[in-house]
Amino acid sequence: MPKRVADEIAALPEPRGPLRRPCADLSRRVRLLAPLLDHLPASSSSSSSTPLADALGAARDLLRKTRDGSKIDQAMRGDAFLDEFAGVNRQIHLALDALPYNTFHMPQEVQEQVALVHSQFQRASTRTDPPDTQLSMDLAWALTDNPSDPALLTRISHKLQLHTMADMKNESIALHNMVISTAGEPDGCVDQMSSLLKKLKDCVVTEDHANDALTTRSASIKHRSPIIPDEFRCPISLELMQDPVIVSSGQTYERACIQKWLDSGHKTCPKTQQPLSHTSLTPNFVLKSLISQWCEANGIELPKNKQNSRDKKAAKSSDYDHAGLVSLMNRLRSGNQDEQRAAAGEIRLLAKRNVNNRICIAEAGAIPLLVNLLSSSDPRTQEHAVTALLNLSIHENNKASIVDSHAIPKIVEVLKTGSMETRENAAATLFSLSVVDENKVTIGAAGAIPPLINLLCDGSPRGKKDAATAIFNLCIYQGNKVRAVKAGIVIHLMNFLVDPTGGMIDEALSLLSILAGNPEGKIVIAQSEPIPPLVEVIKTGSPRNRENAAAILWLLCSADTEQTLAAKAAGVEDALKELSETGTDRAKRKASSILELMRQANEDSLKGNGH
């Protein structure tokens, strides 16, 4: 009986709607129990009333209810549905607790797999992922009497996977059936649900009409349309980001979307809901570069091309007229320190405000003057100058002008000797300039790596992250990897892993993963006793950190059998087996490769012992 129920669950179609993640997770875990169900004693496998049979039946019923139920209802009552999933996972966990499967005549690898899945059900029974905060906010706005934004409705239909009129018809039937089954309105909100469904229908009709002319062309290229990676989408709009920026919580958004959020008076991060310590938006140049590379590889128009076309139109105006800019330049040239400090501070703010100002300030000749002020004896002037250059460098065309003005050696000197805020902004400026590949070589040769490592170790939390980001980008160039390793960065990064309370474990793993690809870096990492902290991350870390830890471990193990045996002795195999099933695509590949290395090492060991 349990086997038949599990087969029914496996035959269910791919989940859709706002609960597709918990549905997929539950279905996957049940499928992983298949080897156990094949080995159940006859009394248990034929009975329809065992705890395991009842638990699997509850899982099947919940998955069917979710499949056939209203997607709008699931989104509006997300907490209640997530509680149901946690309850079913708990029921299966308790049923497995009561089942002495370790006494069954099963192969060892099946025993290990069942134990692993058992632990997954246990975790899922006590951990409920929070509902989609952005979807909740979108629904709350769409349910008001205000005219709904088409982009907002499109975003909701994407999250609910209600894309076509057939989807809308099924949703209407699901709402109707829900009213009948509850003998009334659940929570008194069916009217609201019906109103939202009508808005979504109108949106779909409008989109279908607009897309009719493109149907033939879309059909011909549909099989070639690439899937946009989640990390390239803005969490607000769910669209491919063109101008990604980082807010103080560390999350990245499309500039226009987060600016609209902030302009509406919000003071929190939309994704994490934590208060923002400030509302400054920092360009995410690494992500922008990765998006551009992905677009180019997939034949998609590069976002920066769109931005550049806007820049040319925007350059016609700025916050200052010609006379005002001339006055600012004259104040920068004056020998009066107070005038220079004030003018540099004014340019710092103007360059932060918009692209128009960045273009016009550079055209007025400010960049060489600001570079000269980097050597000022006044700390505040120095800070204003380097931060103004940082803000100006956001515009791509200004990067070359800054480098051509011999700014890099002076920025490095500021990085060594300036105040903490000046050093942080100097690191951010070097990062911005290093987006251009040839500048990576120049910055590394100018001696930037050692002071960046110093900031990584003794800076403020923001300074450490600025330094880590700059070093990571510079180390894309092999010569800078060698410089970083020789400057002793590995020991500091390993300290971050051993003591994760410093909040730098994400950055440390990202840097170690890129340094481990260099022969010298791999040797130094291997000498720093990396196995225990890497194994701990693979067992308990976030998905991205587990992926990076597995990548580092694979590089170490592929070069040294001793590292493979040490990882095996540290008990990483179970975690790697789980990672090979549930991790990111890259994590799955690395985990499987490490397990294969362990298998080979074990066979070689047996042969060496004469067995």
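Residues numbered from 1 in each chain as written. Predicted model: local features only at pLDDT ≥ 70, side-chain atom pairs only at ≥ 80, totals over all residues. Heavy atoms only, no water.

**Q** Would you explain the pattern of salt bridges in this entry?
**A** Think of it this way: side chains of opposite charge can pair up when their charged atoms draw near. Inspection of every chain in the model, using the stated rule, returns 31 salt bridges. For D25, the salt bridge is made with R21, and the minimal N-O distance between the two is 3.3 Å. With D25 and R21 both in helix α2 (residues 20–32), this residue pair falls 4 residues apart, about one helical turn. By relative accessible area, D25 is classed as buried at 17%. The class of R21 is exposed, set by a relative accessible area of 57%. Where E424 meets R462, a salt bridge forms, and the shortest distance between an N and an O atom there is 3.2 Å. Residue E424 is located in helix α24 (residues 420–433), and its partner R462 is located in helix α27 (residues 461–474); the two are separated by 38 residues in the primary sequence. With relative accessibility at 39%, the residue R462 sits in the partly exposed group. Each of R4, E8, R60, D61 and R64 takes part in salt bridges that share partners, so that together they form one network. (Salt bridge = Lys/Arg side-chain N within 4 Å of Asp/Glu carboxyl O. Helix = DSSP H or I, 4+ residues; strand = E, 2+ residues; numbered from the N terminus. Buried < 20%, exposed > 50% of the residue type's maximum accessible area, 1.4 Å probe, protein only.)

**Q** What is the right way to look at unusual backbone geometry in this model?
**A** With the exception of glycine, most residues fall at negative phi, and the peptide bonds are largely trans. Its identity is not glycine, yet Q161 carries a phi of approximately 55°, on the positive side. Along the chain, Q161 falls in the loop between α10 (150–160) and α11 (165–182). At H406, a residue that is not glycine, the phi angle is positive and equals roughly 60°. Looking at the element boundaries, H406 is found in the loop between α22 (396–404) and α23 (407–417). Looking at H406, the relative accessible area reads 61%, which means it is exposed.

**Q** Looking at this structure, I do not really get the confidence of the model for the chain. What am I missing?
**A** Interpreting fine coordinate detail is not advised for predicted regions of low pLDDT. For the chain, the average pLDDT comes to 82, and 85% of its residues sit at 70 or higher. Under a pLDDT of 50 for its full length, residues 183–188 has, in the predicted model, 5 contacts with residues more than four places off or in other chains. Across residues 208–224, confidence stays below pLDDT 50; counting only partners more than four residues off in sequence or on other chains, it has 1 contact. (pLDDT = per-residue confidence, 0-100. Contact = heavy atoms within 4.5 Å.)

**Q** What is the right way to read the environment of L96 from this model?
**A** Structurally, the position occupied by L96 is in helix α7 (residues 78–97). Judged by its relative accessible area of 1%, L96 is buried. Each C-alpha atom, one on L96 and one on Q122, is 9.7 Å from the other, the two residues being 26 residues apart in sequence. For L96, the residues in contact, after removing those within four places along its chain, are L33, L36, L52, Y101, H118 and F121.

**Q** How should the nonpolar core be read in this particular structure?
**A** Grouped burial of nonpolar side chains is what soluble globular proteins tend to show. L332, I489 and L515 are the most contacted members of the largest nonpolar core, which has 90 residues in total. Residues in contact with I489, not counting those within four places in the same chain, are I453, L456, I471, A484, L511 and L515. Membership of the second largest hydrophobic core comes to 34 residues, among which are L19, L56, F85 and F104. (Core = buried A, V, L, I, M, F, W, Y, C linked by side-chain atoms within 4.5 Å.)

**Q** Quick question: what am I supposed to make of α24 here?
**A** The α-helix advances 3.6 residues per turn, and as a result positions three or four apart in sequence lie on the same side. Its 14 residues place the ends of α24 20 Å apart at the C-alpha level, agreeing with the 20 Å of an ideal helix rising 1.5 Å per residue. With 12 of 14 residues buried, α24 lies mostly within the body of the structure. Taken together, the buried positions of α24 are occupied by T422, R423, E424, N425, A426, A427, A428, T429, L430, F431, S432 and L433. (Expected span 1.5 Å × (residues − 1).)

**Q** Could you clarify how one ought to interpret the packing of aromatic side chains in this entry?
**A** Any two aromatic rings considered together are summarised by their centre-to-centre distance and by the angle between their planes. Inspection of the entire model under this criterion finds 0 aromatic pairs. Between R29 and the ring centre of F121, over which it is positioned, the NZ or CZ distance is 6.0 Å. For K590, the ring lying beneath its charged end belongs to W554, and the centroid distance is 4.1 Å. (Phe/Tyr/Trp six-rings, centres within 6.5 Å; stacked < 30°, edge-to-face > 60°. Lys NZ or Arg CZ within 6 Å of the ring centre and 35° of its normal.)

**Q** Is there a simple way to think about the packing of α24 against helix α26 (residues 449–458) in this case?
**A** Closest axis-to-axis distance for the α24/α26 pair is 11 Å, and the angle between their directions is 125°. Taken together, the axes of α24 and α26 are oblique relative to one another. Helix-helix and strand crossings are classified by hand; for α24 and α26 the assignment is left-handed. Here M420, R423, E424 and A427 of α24 come into contact with α26, specifically with P451, L452, N454, L455 and D458. Across the contact of α24 with α26, the residue classes break down as 5 nonpolar, 1 polar and 3 charged. (Axes fitted to C-alpha atoms, helices over the stretch in contact; angles between N-to-C directions. Parallel < 35°, antiparallel > 145°, perpendicular 65-115°, else oblique. Left-handed = near helix turned anticlockwise from the far one by under 90°. Nonpolar A, V, L, I, M, F, W, Y, C, P; charged D, E, K, R; others polar.)

**Q** Would you take a moment to explain the packing of helix α30 (residues 505–515) against helix α33 (residues 543–559) for this structure?
**A** What describes two packed helices is the angle between their axes and the distance between those same axes. At a minimum axis distance of 9 Å, the contact between α30 and α33 shows a crossing angle of 30°. In terms of orientation, α30 and α33 fall into the roughly parallel class. Helix-helix and strand crossings are classified by hand; for α30 and α33 the assignment is left-handed. Every residue of α33 that contacts α30 at I505, D506, L509, S510, L512 and S513 is listed here: N545, N548, A549, I552 and L555. Of the residues that constitute the contact of α30 with α33, the class distribution is 6 nonpolar, 4 polar and 1 charged.

**Q** How should the sheet that holds strand β2 (residues 252–254) be read in this particular structure?
**A** Paired through their backbone hydrogen bonds, the strands of a sheet run either parallel or antiparallel. The strand order across the open sheet formed by 3 strands is β2-β1-β3, and the pairing between neighbours is antiparallel. At either end of the open sheet lies a strand with only one pairing partner, and these are β2 and β3 (282–283). As paired elements, strand β1 (residues 244–246) and β3 share 2 bridges and run antiparallel to each other. Bridging across to β3, V245 finds its partner in P283. (Pairing = 2+ DSSP bridges.)

**Q** Could you clarify how one ought to interpret the environment of S292 in this entry?
**A** Mapped onto the elements, S292 comes out in helix α15 (residues 285–297). Exposure remark for S292: the relative accessible area of 12% places this residue in the buried category. Spatially, the C-alpha atom of S292 lies 8.8 Å from that of Q242, the residues being 50 residues apart in sequence.

**Q** Even after reading the chapter, I still don't get the layout of surface pockets, so can you show me in this structure?
**A** Where empty space is left in the structure can be found by rolling a water-sized probe over the atoms. A volume near 510 Å³ is recorded for the second largest pocket. Along the walls of the second largest pocket sit 15 residues, with D138, L152, R155, K260 and W261 positioned nearest its centre. When contributions to the lining of the second largest pocket are tallied by element, the ones reaching two or more residues are α9 (133–142), α10 and α14 (255–263). With 5 residues, α9 is the largest single contributor of residues to the lining of the second largest pocket. Class assignment for the residues of the lining of the second largest pocket results in 8 nonpolar, 3 polar and 4 charged. Built from parts of two domains, the lining of the second largest pocket gets at least three residues from each of domain 2 (133–207) and domain 3 (230–298). (1 Å grid on protein atoms, 1.4 Å probe; cavity = no way out; pocket = protein on both sides within 12 Å on 5 of 7 lines; lining within 4 Å. Points joined across faces, edges and corners; volume = space filled by probe spheres on them. Domains from an automatic or database assignment.)

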